[in-house]
Amino acid sequence: MPSPRPLPLRRRDLLVGGVAGRAGGAPGAAGARGVREAATASAFPEPERSGPVHMQIVAHPDDCLYFINPRVARVLDDGAGLCTVVLTAGEADGRNSWEAAAPADFAGYAAARDNGLRRAYALLALGDADAPWDRHLASLDSGQDVELCVLRDKPQVHVVFCSLWTNLGRITGEFTRLLALWEGRLDDSLVLPPTDSPLTAESTVDRATVQATLLELLDRYRPAVVNTLDPDPDPISGDRLGAEQPGYSDHIDHTAAALFAWEAVRAWGGARSTEAWRGYYNRRWPGNLGTADLEPKGRALDAYSWNDGADCGLPSGCGDRLIAGPGAGSTYGHATHPRYTAAVAAAETDGRIRPITVRDNTLQVLGDDGWENLGGPDTMLPSLDRAGTKLYAISAEHTHDPATHVRDVHCYDLVSGQWQLLGNPAGTGPGARIVGQVAAADDGRTALACVRDPEGGLAVRVRREGGEWTAWTRLDGPAVHDAPAALAADGAFTIIAATPDNVAAWEGDGTAWTARMLDLPGPDDLPFLPATAVTAVQVPDGRTVLASRVAGCSDVALHFGRRETWTGVRVPLEGGVLPPSLVIGPEGALAVACDDGTGAPAVLMLELPDLEAGPGRFGLLSRPWTRGDITVVKRPAAAFGSDGALRLWAVASDGELWTAGVEPGGEPPAGWTQA
């Protein structure tokens, strides 16, 4: 556990220790008040707007390129503006080289990384990595000066460098990463001005200043969508890899930056859409990116890492030479996983099927006169599930004290309008952060809620008709990668989830459970290994359809069967990162919806006999997808009406909900309209 004692950052000690000389900056005034006085600062230029703005809040200059792209490329193509906020300088050991004998130049390496990010964004936005940027020393009302970079020929693209030291321990002897500032073990942090940056003087900022800076940037840019790293990284499974923090499979700075970001978004009142993107844990998933996504992601990383040998005049280099490439590499670049993809559900209210989603941190339903707040906590994560007449969502408190984190499941009854707190199998603290997304099932007499368990595997709560919810019960079985899918019919429950090397199923009556591996048919006669979360729907004869992405590409896999008898088909799809949604119609029609390599909603209409590839076989099913004319940022939701008509909803890049409809027996339209 971290020490509760704050570690004071004494400016005299830092300067005597040689930070000024080693970092290449000049001494400045002490404390947060000295940030503005440290250099002659200019006013913050007003951002240009020609469409919605997407804001990324990350720790290091390459984080958005590895963990959020290809989403960045897709929304740029769709006309969105961009503001990426980089909290740290990412100075590492100061060597932009694999040569251990190379001299340390912290400010120089930070400058090379910043230049690499600008080059990558210029390539994505204009097709020219060497397109010019205008760089400003911008003063914020928070008291902090930042470097603001504006892409000259596309001024809707901004980068903000806050440039905090990532590890002052190299100077102080203490392990003082960004997480120490978040948790209060570090009073303040030093700014490292990169070589050739408008930030020309060292200064210090405290936690409150960083939080105020992010809140001010959110208010200036008013983003429709905010992308962050993962505030709740997965526990380590297997051997620790690389720079993962103790106990968690992600970089310690990624987690801290995400916690700062989520607190700022909550204080701001919530963006229309917020997403957390997994970091180093991508190495433990199979790759989920097809060529349509790997190519733009790889090109951007090549520009960032200076693989083209361009001349920018910086002696430390024009990009990050430490990136293992070329392209997206073979570590965590081959996958891009958003955590909260199931942000929209459909439910029948007042005789009509209506969409329900998390907007501005609250649960809202689209009524006849616009969005209506359903009440409940105002700290909802953008994830929900519906089962029967109940909705299930998770509220979060991202606290500075590691022992008081809250991730609680809530149940909302669509009939009575009542909320019920279901809590968390771990209570509060580190274990609460493991739950992920909630899954639910209801057979009309018994309701079930399911989340990941802190000890690995799953945990459930059950409520029988007329009774109370049971306590959380841990189900024996393997650890799971991501959100489970839950099904119920006539007192029989099935929960399905992806594991690191298979797909597992838990079956039971709500009290007694058995777990087993499904060993679904896959390519090359091997058990199928999904590259995303698995979604599921039950058909009237008791069989189940499962959907996920095929490992090593973006094709969609559909498995059909029960118990030990399954068939599988692979449906080609060029690109996309979201798990597929499934819905079954009254006459056995099956709708599949996800995203493609342009970010558009991709919808496929099938009949159940289309999935009959033969027991134990994994066949190829080539069918044309219908592509919508919007860019989606969350997994589409779908529902069939009693007349056989299909309704689709998706959160688009403007943060708003859009919809499309399919008449019985028809094909999905390409045109979507705002809901």
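Located above this text is the structure these notes cover.
Quick look at the structure, then. (Residues numbered from 1 in each chain as written. Predicted model: local features only at pLDDT ≥ 70, side-chain atom pairs only at ≥ 80, totals over all residues. Heavy atoms only, no water.)

## Comments concerning the overall build of the protein
Okay, step 1: Scanning the protein from terminus to terminus reveals eleven helices and 38 strands.
Okay, step 2: For the protein, the spread of C-alpha atoms along the three principal axes comes to 75 × 50 × 50 Å.
Okay, step 3: Across the protein, every contact between residues at least 6 apart in sequence was considered, and the portion connecting residues at least 24 apart equals 61%. (Helix = DSSP H or I, 4+ residues; strand = E, 2+ residues; numbered from the N terminus. Contact = heavy atoms within 4.5 Å.)

## Points about the pattern of salt bridges
Okay, step 1: The tally for this structure, following the rule as stated, stands at 41 salt bridges.
Okay, step 2: The residue D293 makes a salt bridge to R74 at a minimum N-O spacing of 2.9 Å. A residue pair is termed long-range when its members are at least 10 positions apart, and D293 in helix α11 (residues 291-304) and R74 in helix α5 (residues 71-77) qualify at 219 residues. The exposure classification of D293 matches that of R74, with both residues buried.
Okay, step 3: D234 serves as the salt-bridge partner of R339, at 3.1 Å between the closest nitrogen and oxygen. Here D234 lies in the loop between β8 (225-229) and α10 (252-268) and R339 lies in the loop between α11 and β10 (344-349), a separation of 105 residues in the sequence.
Okay, step 4: Classification of D234 as buried rests on a relative accessible area of 2%.
Okay, step 5: Via salt bridges that share partners, D230, D234, R278, R339, R452 and D482 belong to a single interconnected network. (Salt bridge = Lys/Arg side-chain N within 4 Å of Asp/Glu carboxyl O. Buried < 20%, exposed > 50% of the residue type's maximum accessible area, 1.4 Å probe, protein only.)

## Regarding the nonpolar core
Okay, step 1: Counting residues in each nonpolar core, the largest one holds 78 residues, and the members touching the most others are L65, V85, L87, Y121, V160 and Y221.
Okay, step 2: No other element matches α10, which puts ten residues into this core.
Okay, step 3: Within the second largest apolar cluster, 23 residues are counted, among which are V556, F560, I584 and L621. (Core = buried A, V, L, I, M, F, W, Y, C linked by side-chain atoms within 4.5 Å.)

## Concerning the sheet that holds strand β12 (residues 362-367)
Okay, step 1: Read from one edge of the open sheet, four strands run β10-β11-β12-β13, paired in antiparallel fashion. Each edge of the open sheet carries a strand with a single partner, namely β10 and β13 (370-373). Across this sheet, the average inter-strand angle for adjacent strands is 35°, counted without regard to direction.
Okay, step 2: Note: β10 against strand β11 (residues 352-359), six bridges, orientation antiparallel. The partner of A346 across the bridge, within β11, is P355. (Pairing = 2+ DSSP bridges. Axes fitted to C-alpha atoms, helices over the stretch in contact; angles between N-to-C directions.)

## So, the packing of aromatic side chains
Okay, step 1: For the structure on display, the rule yields eleven aromatic pairs.
Okay, step 2: Ring plane angle 45° and centroid distance 5.3 Å describe the contact between F67 and Y332, whose orientation is recorded as tilted. With F67 in helix α4 (residues 63-68) and Y332 in the loop between α11 and β10, this residue pair connects regions lying 265 residues apart in the sequence. The same class applies to F67 and to Y332, which are both buried.
Okay, step 3: A centroid spacing of 5.2 Å and a plane angle of 55° characterise the contact between F106 and W165, whose relative ring orientation is tilted. Linking F106 in helix α6 (residues 106-126) with W165 in the loop between β5 (157-164) and α7 (169-172), this pair joins segments that are 59 residues apart in sequence. The burial state of F106 is the same as that of W165; both residues are buried.
Okay, step 4: Among the aromatic residues, those joined into a ring-pair cluster are Y66, F67, Y280 and Y332. (Phe/Tyr/Trp six-rings, centres within 6.5 Å; stacked < 30°, edge-to-face > 60°.)

## Looking at α11
The α-helix advances 3.6 residues per turn, and as a result positions three or four apart in sequence lie on the same side.
Okay, step 1: Helix length check: α11 (14 residues) gives 20 Å between terminal C-alpha atoms against 20 Å at 1.5 Å per residue, within 8%.
Okay, step 2: Of all the residues in α11, the buried ones are D293, P296, K297, G298, A300, L301, A303 and Y304.
Okay, step 3: Of the surrounding secondary structure, the elements contacted by the buried residues of α11 are α4, α5 and α6.
Okay, step 4: Two residues or fewer past α11, W306 is found with a positive phi of approximately 65°. (Expected span 1.5 Å × (residues − 1).)

## Overview of the layout of surface pockets
Okay, step 1: Of the pockets and cavities examined, the second largest pocket occupies roughly 690 Å³.
Okay, step 2: What lines the second largest pocket is a set of 32 residues, and nearest its centre among them are Y109, R113, A243, Y280 and Y332.
Okay, step 3: The element contributing the most residues to the lining of the second largest pocket is α4, with three residues.
Okay, step 4: Broken down by class, the residue content of the lining of the second largest pocket amounts to twelve nonpolar, ten polar and ten charged. (1 Å grid on protein atoms, 1.4 Å probe; cavity = no way out; pocket = protein on both sides within 12 Å on 5 of 7 lines; lining within 4 Å. Points joined across faces, edges and corners; volume = space filled by probe spheres on them. Nonpolar A, V, L, I, M, F, W, Y, C, P; charged D, E, K, R; others polar.)

## Quick notes on the sheet that holds strand β20 (residues 458-464)
Okay, step 1: Read from one edge to the other, the open sheet built from four strands follows the order β18-β19-β20-β21, with strand pairing classed as antiparallel. What marks the edges here is a single partner per strand, and that holds for β18 (439-442) and β21 (473-475). Mean inter-strand twist for the sheet, computed between neighbouring axes without regard to direction, equals 30°.

## Concerning the environment of P523
Okay, step 1: Examined against the element boundaries, P523 turns out to sit in the loop between β25 (513-517) and β26 (535-538).
Okay, step 2: For P523, a relative accessible area of 29% gives the class partly exposed.
Okay, step 3: Placed 94 residues apart in sequence, P523 and R617 show a C-alpha to C-alpha distance of 8.9 Å.
Okay, step 4: Contact partners of P523, with chain neighbours within four places excluded, come to F528, R570 and F618.

## Quick notes on the state of the cysteines
Okay, step 1: On inspection of all chains with the given rule, the structure shows one disulfide.
Okay, step 2: The side chain of C312 participates in a disulfide bridge whose partner is C318; the two sulfur atoms lie 2.2 Å from each other. One quick way to see it: the torsion about the S-S bond of C312 and C318 is about -100°, and its sign makes the bridge left-handed.
Okay, step 3: The closest cysteine sulfur to the non-disulfide-bonded C450 is located on C411, 14 Å from its own sulfur.
Okay, step 4: In this structure C450 comes out as buried when scored by relative accessible area, which is 0%.
Okay, step 5: Unpaired in terms of disulfides, C594 finds its nearest cysteine sulfur in C553, a separation of 12 Å. (Disulfide = S-S within 2.5 Å.)

In short, geometric facts, not functional conclusions.
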